[in-house]
Amino acid sequence: MRGKLRPVGSRVPMPIDHERPEFPWESCYRTQFMGSGTEALSVAIALSVKLKPGVSSPEAIIPAYGCPDLVAAIISQGVKPVLADLKPDSPWMSASAVSKAVSSSTVAIVGVGFLGIPERFASLLRVCREHNLLLVEDSAQCFLPASLSDPMADCVVLSFGRGKPVNLMGGGALLFRNDSTKAVEPLLAKYPLELRKTGLVWRLKRWMINLLLGRTGYKVLELLPLGIGETHFHELHEIRRLQINEELLTAGIQNCCSRPHADVQYDSELSELELFGWKLLTKTCKREPSELRRRFMLRYPVLAPSRDIRDRALRDLNAAGIGANALYGRILPDIKGVDAHVMAGSYPMASDFAARLLTLPTHEDVKVSDIAVARDVLIALARHESDSFKRDSA
Ligand SMILES: *Cc1c(COP(=O)(O)O)cnc(C)c1O
C-alpha cells in the first residue's frame, strides 16, 4: 500500500530527566496548565470579565476566520463573540474592522497566531489600552508565542493537542502576568485539579499515536470513517487545571525548536507560483527576521488565485500522496453550531481567504523530495491554468 504524508502533527516526546525545568516565558508570565487550549482561553476570558466590572453583556473580539474552539471558549463564560473581518489576503484582523467591533461592552480582544504567523499585537495593544480591554494571545498554533520576544499580551494561550506544534496528546496552558496573579488565582481555584501521569498507559498511548503518524498509519486512518481533519464545533462543558510532568513539556519544547524549517524550503521551491497570482503567506505576511529562525510553521499556507484552482490543487496534491488541506474551509458563521452564537454578517475578506487557502505539511517527516512533489503538482496546475486562460482570451 502506498502511504500518505499526513497534513500535520509531530511525534509525542518522552520526558527527559532534568532539574526543575525553566520555561522560556518565565521572566514575564506565570504558567497554569489546563485541560486544553480551549479551557485556558476560557479562563483568560473570565479574567477579562472580572477586570471590567459593570458590563452587563460582555463581548470579546475574534477573527471571522478561525478555530471554532475560540467561540466555545468565549460562550462558556457567557460572553458574546464579535467577529472582525480580515485584512485582504492575510490571516490578520483588519485594523478598521477591529475598531468598528469595539463597543462599551467589549472586554477582550483575542489575537490568534495563524499556523506560526503571529498577529500584529502592537496595533491590537493600542486599541486595548485605549478602551481598557484585556489582550489575549491565542498561540495554540504558534510556538514560540510572539509575546516572548515582546510581552504585549496580558495572557497567552498554549495548546498541547495532537495537531499542535508541541504534541503532548492533549492539555494546554494559560500564561498570565505576574502582576495579575491576585486576580487570576481566585478564578482558577474554582476548577478541579487533575494529575496527568506519564506511566505505562501513557507510554502505550504515545507509542500508538506516534505509529499512526507514519505514512502507512496515516493512510489507514484516512480510510476509516473517522472524519479525520474535519472541522466541528464542540461546546466546552468542563474546565480543569492540570498538573503535568514538566519535563515532558521541556522535551516537547526542545523537540519543536529543533525541527527543520520546511517553510524556508517551500519559500524557494514555490516562488514561481507568485508569477501566476498565488500568494505565499510566509512571504507576504513578513515577520521579523529574527523570529523567522525560531518559530515553527505548523503548516505552510498559500492562497490560490481562486476557489476553483484551490480545490483542484487539493485534489492533485492528495492524489500524489501529499496531505494538503483547506484547514477550516469556511468562515466561523458558516460552521454548523457556531452560527447560533455569532452574528450573521458579511465578512468578504475572511470568506475570500477561506475559499482560496491551501496548506501544505511542514512536520518533521516532510522530506525535500515531498516538497519537490508539491512544487511539481502546483506549478503544472498553475501553468496549465495560465495557458488555458490565454487560449480562452485569444
Ligand atoms: C486548537 C486550537 C485551540 C484549542 O486548543 P485545544 O487544546 O484543542 O482545546 C484554540 N485556538 C486555536 C487557534 C487552535 O488552533
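Anything mentioned here points back to the structure above.
Right, let's walk through the structure included here. Every chain begins its residue count from 1, and numbering advances along the sequence as written. With pLDDT at 70 or above as the cut-off, local features in this predicted model cover only qualifying residues; side-chain atom pairs require 80 or more to be listed or tallied, and sums for whole chains, interfaces and linings still use all residues. Remark: hydrogens and water are excluded; side-chain values derive from all non-hydrogen atoms of the structure.

Concerning the site of the ligand
Right, on to step 1. Close to the ligand lie Ser 36, Gly 37, Thr 38, Cys 67, Asp 69, Val 112, Asp 138, Ala 140, Gln 141, Ser 159 and Lys 164, which account for all nearby residues.
Right, on to step 2. Side-chain atoms alone can form a polar contact between residues adjacent in sequence; in general such a contact is a pair of N or O atoms within 3.5 Å, and within protein one must be able to donate a hydrogen while the other accepts it. Between an oxygen atom of the ligand and a main-chain N or O atom of Gly 37, the distance comes to 2.8 Å.
Right, on to step 3. In the model, an oxygen atom of the ligand is placed 2.5 Å from a nitrogen or oxygen of the Thr 38 side chain.
Right, on to step 4. With the chains in place, 88% of the 380 Å² that the ligand exposes on its own is no longer accessible.
Right, on to step 5. Residues are grouped as follows: Ala, Val, Leu, Ile, Met, Phe, Trp, Tyr, Cys and Pro are nonpolar; Asp, Glu, Lys and Arg are charged; every other residue, Gly included, is polar. Tallied by class, the residues present in the shell around the ligand amount to three nonpolar, five polar and three charged. The near set for a molecule or strand comprises every residue that places at least one heavy atom within 4 Å of it. Computed with the Shrake-Rupley method and a 1.4 Å probe, the accessible areas treat only the protein chains shown as cover for residues.

Considerations on the nonpolar core
If you look at soluble globular proteins, the nonpolar side chains tend to sit buried side by side.
Right, on to step 1. Throughout, nonpolar core names a set of buried Ala, Val, Leu, Ile, Met, Phe, Trp, Tyr and Cys residues whose side chains join them through atoms within 4.5 Å. Three exposure classes are used, based on accessible area relative to the maximum for each residue type with a 1.4 Å probe and protein chains only: buried under 20%, partly exposed in between, and exposed over 50%. Residues Trp 25, Tyr 65, Ile 109, Leu 174 and Leu 249 are the most contacted members of the largest nonpolar core, which totals 107 residues.
Right, on to step 2. Looking at this core, the element that brings in the most residues is helix H1 (residues 37-51), giving seven residues.
Right, on to step 3. In terms of nonpolar packing, the next biggest core, distinct from the first, is built from 27 residues, Leu 273, Trp 278, Leu 360 and Ala 374 among them. Working definition: helices are DSSP H or I runs of at least four residues, strands are E runs of at least two. Numbering for both runs from the N terminus.

Observations concerning the packing of H1 against helix H2 (residues 68-75)
Right, on to step 1. Every axis in this analysis is a line fitted to C-alpha atoms, fitted for helices over the stretch in contact. Angles between the N-to-C directions lie between 0 and 180 degrees. Axis separation between H1 and H2 bottoms out at 8 Å; the angle between their running directions is 45°. In this view, H1 runs oblique relative to H2, as classed from their interaxial angle. Where H1 crosses over H2, the handedness of that crossing is right-handed. Residues Thr 38, Leu 41, Ser 42 and Ile 45 of H1 form the contact with H2, whose participating residues are Asp 69, Leu 70, Ala 72, Ala 73 and Ile 74.
Right, on to step 2. Residue classes in the contact of H1 with H2 are distributed as six nonpolar, two polar and one charged. For classification purposes, an angle smaller than 35 degrees is called roughly parallel, one larger than 145 roughly antiparallel, one from 65 to 115 roughly perpendicular, and anything else oblique. Note on convention: near helix rotated counterclockwise from far helix by under a right angle means a left-handed crossing. Clockwise means right-handed. Here a residue-residue contact requires only that any non-hydrogen atoms of the pair lie within 4.5 Å.

Some words on the packing of H1 against helix H5 (residues 181-189)
Right, on to step 1. Axis separation between H1 and H5 bottoms out at 10 Å; the angle between their running directions is 125°. By the angle between their directions, the pair H1 and H5 is classed as oblique. Like other packed secondary-structure pairs, H1 and H5 cross with a definite hand, here right-handed. For the pair formed by H1 and H5, the contact residues are Val 43, Ala 46, Leu 47, Lys 50 and Leu 51 on the first element and Ala 183, Val 184, Pro 186, Leu 187 and Leu 188 on the second.
Right, on to step 2. Split into classes, the residues belonging to the contact of H1 with H5 amount to nine nonpolar, no polar and one charged.

Notes on the state of the cysteines
Right, on to step 1. The term disulfide is used for any two cysteine sulfur atoms that are within 2.5 Å. Applying the stated criterion to the full structure yields zero disulfides.
Right, on to step 2. There is no disulfide at Cys 128, and the cysteine sulfur nearest it, in Cys 155, is 11 Å away.
Right, on to step 3. Take Cys 128: its relative accessible area is 0%, and that puts it in the buried class.

Here we look at empty space enclosed by the protein
Right, on to step 1. Only protein atoms enter the calculation, which uses a 1 Å grid: trapped sets of points that fit a 1.4 Å probe without letting it out are cavities, open sets showing protein on both sides within 12 Å along at least five of seven lines are pockets, and any residue with an atom within 4 Å of a point is a lining residue. Grid points are joined across faces, edges and corners, and a volume is the space filled by probe spheres set on the points. Applying the stated criterion across every chain yields a total of four cavities of 30 Å³ or more.
Right, on to step 2. Space inside the largest cavity adds up to approximately 80 Å³.
Right, on to step 3. Surrounding the largest cavity, Pro 63, Tyr 65, Gly 66, Cys 67, Pro 91, Val 112, Gly 113, Phe 114, Gln 141 and Tyr 328 form its lining.

Here we look at the side chain of Glu 119
Right, on to step 1. Along the chain, Glu 119 falls in the loop between strand E4 (106-112) and helix H4 (121-131).
Right, on to step 2. There is a polar contact of 2.8 Å between the side chain of Glu 119 and the backbone nitrogen of Met 93.
Right, on to step 3. Sequence-distant contacts of Glu 119, defined by excluding residues within four places in its chain, comprise Pro 91, Trp 92, Met 93, Gly 111, Val 112, Gly 113 and Leu 124.

Considerations on H1
Right, on to step 1. Taking 1.5 Å of rise per residue, 15 residues should cover 21 Å, and H1 covers 21 Å from first to last C-alpha, within 8% of that figure.
Right, on to step 2. N-cap assignment for H1: the residue whose side-chain oxygen lies 3.3 Å from the backbone N of Thr 38 is Ser 36. One less than the number of residues in a helix, times 1.5 Å, gives the span that helix is expected to have.

A look at the pattern of salt bridges
Right, on to step 1. Throughout this description, the term salt bridge denotes a Lys or Arg side-chain nitrogen within 4 Å of a carboxyl oxygen of Asp or Glu. With the rule as written, the count across this model stands at 22 salt bridges.
Right, on to step 2. When the shortest N-O distance is used, the salt bridge between Asp 365 and Arg 6 registers 2.9 Å. In this pair, Asp 365 is assigned in the loop between strand E12 (357-361) and helix H14 (368-393) and Arg 6 in the segment before strand E1 (29-34), connecting sequence segments 359 residues apart.
Right, on to step 3. Judged by its relative accessible area of 2%, Arg 6 falls in the buried class.
Right, on to step 4. The salt bridge partner of Asp 89 is Lys 279, with a shortest N-O separation of 3.1 Å. Here Lys 279 lies in strand E10 (residues 279-280) and Asp 89 lies in the loop between strand E3 (80-84) and helix H3 (95-101), a separation of 190 residues in the sequence.
Right, on to step 5. Overlapping salt bridges bring together Arg 6, Arg 11, Arg 259, Glu 364 and Asp 365 as one network.

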